[in-house]
Amino acid sequence: MKKTLCVSTLLCLAGQPLVAQERPNVIVFLVDDMGLMDTSLPFLTDEAGNPVRYPLNDWYQTPNMERMARQGIRFSTFYAQSVSSPSRASIMTGQNSTRHRTTNWINSETNNKTPFGPTDWNWKGISKNDVTLPRVLHEAGYKTIHVGKAHFGCQNSDGELPQNIGFDVNIAGSSIGHPGSYYGENGYGNIKGQKARAVPGLEKYHGTDTFLSEALTLEANEQITEAVGEKKPFFLYMSHYAVHSPFEADKRFADHYRYTGRPKVAADFATLIEGMDKSLGDIMDHLEELGIAENTLIIFLGDNGSDAPLGDDKGYTSSAPLRGKKGSEFEGGVRVPFIACWGKPDMNNPVQKQLPIEVGGVQLQMGTVMDIYPTLVSLSGAKNPKGHIVDGVDLREQLEGKRNNSRPETVLMHFPHEHRGSYFTTYIEGDWKLIYYYNPENPSEPRCRLYNLKKDPGESLDVSERNPKLLVKMVKAMTAQLDAEGALYPEDAKGNVLRPVY
């Protein structure tokens, strides 16, 4: 009955312009473990601001990301946290990880603070009492829909279920950070694969050849149709499990990478990228079929740097010409793709007049995952609750292709845990980037690196010894922001807190 109703609604709505609405529908299309270079769309630019293609852009095939870029604006420099859960909490709250204190990815079953991590880090993630983007939009009259990976909290926590943090609908979201399998034949881990990471709630596709990215897309489009039938503006958080491991091939695209000379696992990863991109295109097509594309804002981004199975963790292969990958302190670990567009640009559309996104634009000024919350709260006409501190910046001026001269040119990323990069804080101010390494086993001897990102975007030349005064100045500024945001620091073997020293 439900399926018949949705199909009937779609047939009635197809191709017909809908009554104009005052507030936009919003889709946040989030891709797991997708870095800046995992796409055929170039984001890096030359000194004049023109996009520059690199070999990895010729390896991947993402035509619908290119379609989005033609319709809107891409950011050449957009920062996430270095791993999943911190970025997701920052998107939901508009706060830096130092403030919400989910500073590491969340392991479902056990507290993974790692050996010298802070005892009180927020392993349980987002709670029922926290201010979140879906909760604020729900209270403003939006239907809030979650599809895909959640990873907002551990098992038996509030954050385990997206319904607890403000979503009206949850499809396939739980505490897990990756799927037990991408294959419908395997029940996405429920029948075969890593059963502890089985994707919930997609039983209708079990035993079929429906790839996980496709199943989530079908569910998302059905929810969009239902929301339109209910005559409500909607917020869809479309959060793909792709392109996280396991790197199982999306067989629909395997022929595109069969004879490339690259390892099979790299080809399998590329099929995950292309399958995710098809999902984006299918959703954009569905918006047009329903006649709501003009009233729908789409934001595309990744949640941390690339985990592509190419090269070593801190080298120049998976994110080339950037250095490093997911979980590292380098730019390849924290730079992600970001695109925003209207589903169908129309300068005369009343909703779009509220935010005239530059068509075909490239924004050179930086943005961060913390900016999504204030941007969407403002655009939707909702109100940020009194007392809720927001660390992000409203992006609307930048989305119009302008420069926001009031925006601080600083970025702080704090990771007091162990991963590919361990126990570090990075602090960017203008062209300069500081990496501060806490040393839990020898606390009196922290290490620092200093890079000029304008001259050395690949972070190949540490100039800390040449600029001792600048180094001390940046460590002091970093420490002041850490303290202001309530950061938790690593701890030595005796439990002593390791504050920065300079």
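Because the structure is predicted, anything quoted here is derived from the model rather than measured. (Residues numbered from 1 in each chain as written. Predicted model: local features only at pLDDT ≥ 70, side-chain atom pairs only at ≥ 80, totals over all residues. Heavy atoms only, no water.)

Novice: How should the nonpolar core be read in this particular structure?
Specialist: The biggest cluster of nonpolar side chains holds 66 residues, and the ones touching the most others in it are I224 and F300. Take this core: its biggest share by element is 12 residues, from helix α8 (residues 264-290). The contacts of I224, once residues within four sequence positions are left out, are I27, F234, L236, I283, H286, L287, L290 and I292. By size, the runner-up hydrophobic cluster in this structure holds 41 residues, among which are I73, A89, M92 and L133. (Core = buried A, V, L, I, M, F, W, Y, C linked by side-chain atoms within 4.5 Å. Buried < 20%, exposed > 50% of the residue type's maximum accessible area, 1.4 Å probe, protein only. Helix = DSSP H or I, 4+ residues; strand = E, 2+ residues; numbered from the N terminus. Contact = heavy atoms within 4.5 Å.)

Novice: How should the packing of aromatic side chains be read in this particular structure?
Specialist: On inspection of all chains with the given rule, the structure shows 18 aromatic pairs. Taken together, a centroid distance of 5.3 Å and an interplanar angle of 70° make the contact between W59 and Y257 edge-to-face. One end of the pair, W59, is in helix α2 (residues 55-59); the other, Y257, is in the loop between β6 (234-240) and α8, with 198 residues separating them in the sequence. Each member of the pair, W59 together with Y257, is buried. Aromatic pair Y182 and F211: ring centres 5.4 Å apart, planes at 5°, arrangement stacked. Of this pair, Y182 sits in the loop between β5 (169-171) and α7 (212-229) while F211 sits in the loop between β5 and α7, placing them 29 residues apart in sequence. Side by side, Y182 and F211 carry an identical accessibility label, which is buried. A connected cluster of aromatic rings, assembled from ring pairs, spans W59, Y60, F247, Y257 and F269. Looking at R335, its charged tip hangs above the ring of Y79, at a distance of 5.9 Å from the centre. (Phe/Tyr/Trp six-rings, centres within 6.5 Å; stacked < 30°, edge-to-face > 60°. Lys NZ or Arg CZ within 6 Å of the ring centre and 35° of its normal.)

Novice: How should I be thinking about the sheet that holds strand β2 (residues 72-75) in this particular structure?
Specialist: The strands making up a sheet associate through hydrogen bonds between their backbones, and the pairing can be parallel or antiparallel. An order of β5-β4-β6-β1-β7-β8-β2-β9 is seen for the eight strands of this open sheet, with the pairing classed as mixed. The outermost strands of the open sheet, each flanked by one partner alone, are β5 and β9 (361-363). When the angles between neighbouring strand axes are averaged without regard to direction, this sheet yields 15°. The sheet contact formed by strand β4 (residues 143-148) and β6 spans six bridges and is parallel. Of the residues in β6, the one forming a bridge with T144 is F235. Along the sheet face, helix α3 (residues 63-71) touches β2, β7 (296-302), β8 (338-342) and β9 and points at about 60° away from the line of β8. Packed onto the sheet, α7 meets β1 (25-31), β4, β5 and β6 and runs at close to 180° relative to β6. (Pairing = 2+ DSSP bridges. Axes fitted to C-alpha atoms, helices over the stretch in contact; angles between N-to-C directions.)

Novice: What's the story with the packing of α7 against α8 in this structure? I'm lost.
Specialist: The description of two packed helices rests on the angle between their axes and on the distance between the axes. Direction vectors running N to C along α7 and α8 enclose 20°, while the axes themselves pass 10 Å from each other. Taken together, the axis directions place α7 and α8 in an arrangement best described as roughly parallel. For the element pair α7 and α8, the recorded crossing hand is right-handed. Facing α7, whose interface residues are S213, E214, T217, A220, N221, I224, T225 and V228, α8 presents G275, K278, S279, D282, I283, H286, L287 and L290. (Parallel < 35°, antiparallel > 145°, perpendicular 65-115°, else oblique. Left-handed = near helix turned anticlockwise from the far one by under 90°.)

Novice: Could you clarify how one ought to interpret α7 in this entry?
Specialist: Working note: α-helix, 3.6 residues per turn, so residues spaced by three or four point in the same direction. Taking 1.5 Å per residue, 18 residues should reach 26 Å; α7 reaches 26 Å between its end C-alpha atoms and fits that length. Taking burial as the measure, the 18 residues of α7 include 15 buried ones, the bulk of the element. (Expected span 1.5 Å × (residues − 1).)

Novice: Sorry if this is basic, but what is going on with the packing of α3 against α8 here?
Specialist: Relative to each other, α3 and α8 sit at 50°, their axes nearing to 7 Å. Put simply, α3 runs oblique to α8. Only M276, D277, K278, L280, G281, M284, D285 and E288 of α8 make contact with α3, whose side of the interface consists of P63, N64, M65, R67, M68 and Q71. Residues belonging to the contact of α3 with α8 are distributed by class as follows: six nonpolar, three polar and five charged. (Nonpolar A, V, L, I, M, F, W, Y, C, P; charged D, E, K, R; others polar.)

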